Every structure is written in C-alpha cells, then in structure tokens.
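# Architecture at a glance
Residue strings, one per chain:
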Amino acid sequence: MATNGRPAASVDPDVALAYKFPEASFAYDERDVALYALGVGACGADAVDDKELHLVHHRDGQRHIKAIPTFVSLFPNKNSNGRGIINVPGIHFDASLLLHGQQYIEIYKPIPSCASVVNKVKVAGLHDKGKATILEIETTTSLKDSGEVLCMNRSTIFLRGAGGFSDSSRPYSYTTYPANQISRISIPNSTPSAVYEDQTQQSQALLYRLSGDYNPLHSDPMVAQVAGFTRPILHGLCTLGFAARAVIKSFCHGDPAAVRNIFGRFLLHVYPGETLVTEMWVDGQRVQYQTKAKERDRAVLSGYVLLKHIPSSLHGRSSDAENGGGRL
Ligand SMILES: CCCCCCC/C=C/C(=O)SCCNC(=O)CCNC(=O)[C@H](O)C(C)(C)COP(=O)(O)OP(=O)(O)OC[C@H]1O[C@@H](n2cnc3c(N)ncnc32)[C@H](O)[C@@H]1OP(=O)(O)O
C-alpha cells in the first residue's frame, strides 16, 4: 500500500539475507576506462595534464590507457543494468528516496585496461536506523579466464523512509565483515598535507552517467525534485572519483596503480558545477581526506585512500605545487 503517494516500504531480513544473487559477466575496454576518467574530471582543467594524460590517451606510445582505481566502482552496476544489486527480495522501498551512503573498495591486482570479468554479489550488511534502512552489498570481481580476483566493492545504500522494521530498543544490525574494517573518519585539526581544488562541470553528471549509471536522479529535474533536491545531483561515485584523483595527483605522481584501498562516506549531495576542494592528511600509507563543496562551504565526502607506499619525500608536505594542479 502507498503512503502519501509514495510506495510503502518493508524489510524482511530473513528473506533478504537468504537471497543468492546471480553472477554477472561483462567485458570492458579502453574506451570505457577513458570515458570514466573524463567523467570524474581527468584532464578537465588541462587537456595535456602531465599527471593525467595517460588516463585518457596512449601518451608517448604507452601500450595501454591506465585505469583510475575507482573505475572498478562501476562494476557493481553491471548486474542487471544497475538495478540488479539493489533489487533484493524482502526489501521494498521507494526508489526515489534511495541515496548512496558509502563505498569501500579493495584492489587486489593491477586493473587491466580491457578485460572480461565476473561479479559475485552478496548482502554484506543490513541495519535498521529507524528513519532509514542501510543495505550493504558486496561485489567481488574476478577475471573470467583465470579466475584471479581483481577487486571488491562494498556499496552502502541509504534507503530513506524504509527503517523501523525491528524493535526500536534493539534495532536490527547485521554484517558479514569485522566492525573495525571500516574505521570512522575523524578529520584532523592540523593543517592538511595537501589541498586540491577541482571545478566540476554543469554537465558532469550527464557525462558520468554514460559510464553506466543512468539513475534519473542525476539527469531528470522532476525526479530530482521528488527526491527532495532543487535539481539533479552528482553521482556519489563521481565525487569519489574526483577525490581519488586528488590523492593520486597529490601523493602518487599521477600513478593510479599506487592505490590499494579506498573508502568514502557521502555526507551531503553535490550539485554539478560546484567546486570540489579536497583536503588531505598523510598518516603512514593512509591518506585521510575530506572534500567540500566550496560554494556552500559544506563537507560532502570524507574517507581515506590506502596507498601501497608513500614516497618518504612526500611525508607531511604537499606535492601539489609540483603537480601544478592544486594549492596548499
Ligand atoms: C552500484 C551500487 C550503488 C547504488 C547506488 C545507486 C544510486 C546512487 C545514488 C547517488 O549517487 S546519490 C548521491 C550521493 N549520495 C548523497 O548525496 C548522500 C549524501 N548524504 C546525505 O544526504 C546524508 O548523509 C544521509 C545519507 C541522508 C544521512 O543523513 P541523516 O542526517 O539522515 O543521517 P544521520 O541522522 O546523521 O544518521 C543516521 C544513521 O545513519 C548513519 N549514516 C549517516 N549517514 C550515512 C552515510 N552516508 N552512509 C552510511 N551511514 C550513514 C549514521 O551513522 C547513523 O547511524 P548511527 O550512527 O546512529 O548508528
């Protein structure tokens, strides 16, 4: 039954957790890798950017275009054109109220610039937050031929209006992974090691969606309004791509293969056209970051990027000046 013209929400955890997702196979190529890079702003300010041209072009005769690690965040969307992983039996919600809450990515192997791969998907978490239900979906992606595991994505979906399915004195909470795996982000009070500023384009979401996320929340003004926004908002994963680029440019000399894990919590929506300012703090191999929408001076994303190593020369200082793209 609908309430206030919206479809009624209901959650049956036993049914949801018992669900076995079908595997999904798909292939991608260098065009997908380059289109994604453009969608998250690579070379957006400088078409010959020394730290980014290899992400979109066979620069200096390089054999392969290099994949930004957050390229793999597109993989979960390949299950039944995106609706697949959030169409879980036992969970009924108003799709117009769905927001992306968090994304956690582990990279196990260098990401090829073209490949045939297979997704295995499971429910990794389900939480009753009263006003919302939080659904966590884990997608593990392997190379089709060798079976080698490439990466894992854990996508946290915030289902507004779908909570309250359990006893409020003992709200339901289930996870398949250790609680300490995703630590809370506390932003240091100290001066950031680096700050990187990037201008998103008015057309950013329209470009990013061509990488495979066609949710009309990001393109259709009417749908955005029903969801509570004045106009279409940017995909959370697009903002995450901007933040990952900021870290890679500032601390990895533009080398995307330096990244091991990435985590981001979406704190607030971003409107295409806004300026994203990413502040970063180095803590060993971990770079903590917070991204703000400059025009509103509001934090929109925070998280960390775990690097394979940090060149000791970069500890505690910005390399933005060298990169020519950011500022301290
Ligand atoms: C391929 C799979 C992906 C599918 C996604 C498909 C659709 C994509 C859509 C988008 O890209 S939407 C754009 C990106 N996302 C956003 O813009 C969301 C921005 N964030 C917000 O608007 C808010 O943070 C929120 C999610 C509405 C929550 O704010 P609210 O004020 O309602 O929450 P709180 O009262 O602070 O907390 C309640 C409870 O929930 C936990 N929580 C809060 N925020 C998040 C979050 N972002 N992710 C996960 N969990 C969150 C919070 O910790 C509280 O729990 P307890 O601490 O009380 O246990």
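Counting of residues starts from 1 at the beginning of each chain's written sequence and follows it residue by residue. Where totals are concerned, whole chains, interfaces and linings use all residues; where local detail is concerned, this predicted model gives features only for residues with pLDDT of at least 70, and gives and counts side-chain atom pairs only at 80 or more. Water and hydrogen atoms play no part in the side-chain values, which are based on all heavy atoms of the structure.

### Remarks on the packing of aromatic side chains
- Pairs were defined over the aromatic rings of Phe, Tyr and Trp, the Trp ring being its six-membered one, requiring ring centres within 6.5 Å. Orientation was assigned from the angle between planes: stacked under 30 degrees, edge-to-face over 60, tilted for the rest. For the structure shown, the criterion picks out nine aromatic pairs.
- Ring plane angle 35° and centroid distance 5.8 Å describe the contact between F263 and Y304, whose orientation is recorded as tilted. With F263 in strand β12 (residues 259-266) and Y304 in strand β15 (residues 298-307), this residue pair connects regions lying 41 residues apart in the sequence. For the residue pair F263 and Y304, the accessibility class agrees, reading buried in each case.
- Comment: the charge-over-ring label is applied if NZ (Lys) or CZ (Arg) is within 6 Å of the ring centre and within 35 degrees of the ring normal. Above the plane of the ring of Y177 lies R154, whose end atom (NZ or CZ) is 3.6 Å from the centre.
- Against the face of Y304 rests R286, its NZ or CZ located 4.0 Å from the ring centre. For helices the rule is a DSSP run of H or I covering at least 4 residues; for strands it is a run of E covering at least 2, with both sets numbered from the N terminus onward. Three exposure classes are used, based on accessible area relative to the maximum for each residue type with a 1.4 Å probe and protein chains only: buried under 20%, partly exposed in between, and exposed over 50%.

### Let's talk about the site of the ligand
- Being near a molecule or strand, for a residue, means having at least one of its heavy atoms within 4 Å of it. Among the 27 residues in the neighbourhood of the ligand, the closest are listed as H100, K129, K131, G236 and F266.
- For this analysis, a polar contact is any N or O atom pair within 3.5 Å, provided that within protein one partner can donate a hydrogen and the other can accept it, and provided that sequence-adjacent residues contribute only side-chain to side-chain pairs. Backbone polar atom of H100 to a nitrogen atom of the ligand: 2.9 Å apart, as the coordinates give it.
- Within the backbone of F266, one N or O atom sits 2.9 Å away from a nitrogen atom of the ligand.
- Out of a free accessible area of 1200 Å², the ligand has 74% covered by protein chains.
- Every element with two or more residues in the shell around the ligand is listed here: β6 (98-107), β9 (149-160) and β12.
- Ranked by residue count, the leading element in the shell around the ligand is β6, at five residues.
- Each residue belonging to the shell around the ligand can be placed in one class, and the counts come to 12 nonpolar, 11 polar and four charged. Using a 1.4 Å probe, accessible areas were evaluated by the Shrake-Rupley method; residue-level cover was limited to the displayed protein chains. Charged residues are taken to be Asp, Glu, Lys and Arg, nonpolar residues to be Ala, Val, Leu, Ile, Met, Phe, Trp, Tyr, Cys and Pro, and polar residues to be all remaining types, Gly included.

### As for the environment of T239
- Summarising the element assignment, T239 is placed in helix α5 (residues 236-251).
- C-alpha of T239 to C-alpha of V259: the two residues are 20 residues apart in sequence and 17 Å apart in space.
- Working rule for contacts: check all heavy atoms of both residues, and any pair within 4.5 Å makes them a contact. Ignoring sequence-local partners within four residues, the contact set of T239 consists of L234, V270, L276, V300 and L301.

### Observations concerning the pairing of β15
- Along β15, seven of the 10 residues are buried, which leaves the element largely enclosed by surrounding structure.
- Both β12 and β15 contribute to a ladder of seven bridges, which runs antiparallel. Across the sheet, the residue bridging to V259 is L307, located in β15.
- Two strands are counted as paired when DSSP detects at least two bridges linking them. Sheet analysis places strand β14 (residues 286-293) next to β15, joined by eight bridges and oriented antiparallel.

### Some details on α5
- An expected span of 1.5 Å times one less than the residue number is assigned to each helix. For α5, with 16 residues, the first-to-last C-alpha span of 23 Å sits near the 22 Å given by 1.5 Å per residue.
- Taken across its 16 residues, α5 has 16 buried, putting it largely inside the fold.
- Taken from the residues just after α5, H253 is the one with a positive phi, measuring 50°.

### A word on the side chain of T291
- With respect to the element layout, T291 can be found in strand β14.
- With residues near it in sequence (within four places) discarded, T291 still touches A243, L276, V277, T278, R298, A299, V300 and L301.

### Some points on helix α2 (residues 30-39)
- Across the 10 residues that make up α2, a large majority, seven, are buried.
- Residues of α2 that are buried sit in contact with β4 (24-28), α3 (204-208) and α5.
- You can read the cap of α2 off the contacts: a side-chain oxygen lies 3.0 Å from the backbone nitrogen of R31, and it is on D29.

### Some details on the UniProt feature "domain: MaoC-like" (unreviewed entry) in the chain
- UniProt positions are given in the numbering used here, feature names are shortened, and annotations may be inferred rather than shown by experiment. Per the UniProt record, "domain: MaoC-like" (unreviewed entry) is found at residues 188-298.
- When the span residues 188-298 is considered, its composition is 24% helix and 29% strand, and the gap between its end C-alpha atoms is 16 Å.

### Quick word on the nonpolar core
- The nonpolar core is taken to be a set of buried Ala, Val, Leu, Ile, Met, Phe, Trp, Tyr and Cys residues, with the residues joined through side-chain atoms within 4.5 Å. Counting residues in each nonpolar core, the largest one holds 55 residues, and the members touching the most others are Y28, F71, I111, L240, F251, M280 and L307.
- Ranked by residues supplied to this core, first place goes to α5 with nine residues.
- With 17 residues, the next largest nonpolar core counts A16, I85, L98 and I137 among its residues.

### Some words on the environment of V305
- As for its placement among the helices and strands, V305 is situated in strand β15.
- Those residues in contact with V305, other than ones at most four positions away along the chain, are V247, V259, N261, I262, Q285, R286, V287 and Y289.

### Let's talk about the pattern of salt bridges
- For salt bridges, the criterion is a side-chain nitrogen of Lys or Arg within 4 Å of an Asp or Glu carboxyl oxygen. Within this structure, the stated rule accounts for 12 salt bridges.
- Among the ionic pairs, D50 bridges to R59, the shortest N-O distance being 2.6 Å.
- The salt bridge partner of R154 is E138, with a shortest N-O separation of 2.9 Å. Of this pair, R154 sits in strand β9 while E138 sits in strand β8 (residues 132-143), placing them 16 residues apart in sequence.
- Overall, the relative accessible area of 10% leaves E138 in the buried class.
- Taken together, the shared-partner salt bridges connect D50, K51, R59 and D60 into one network.

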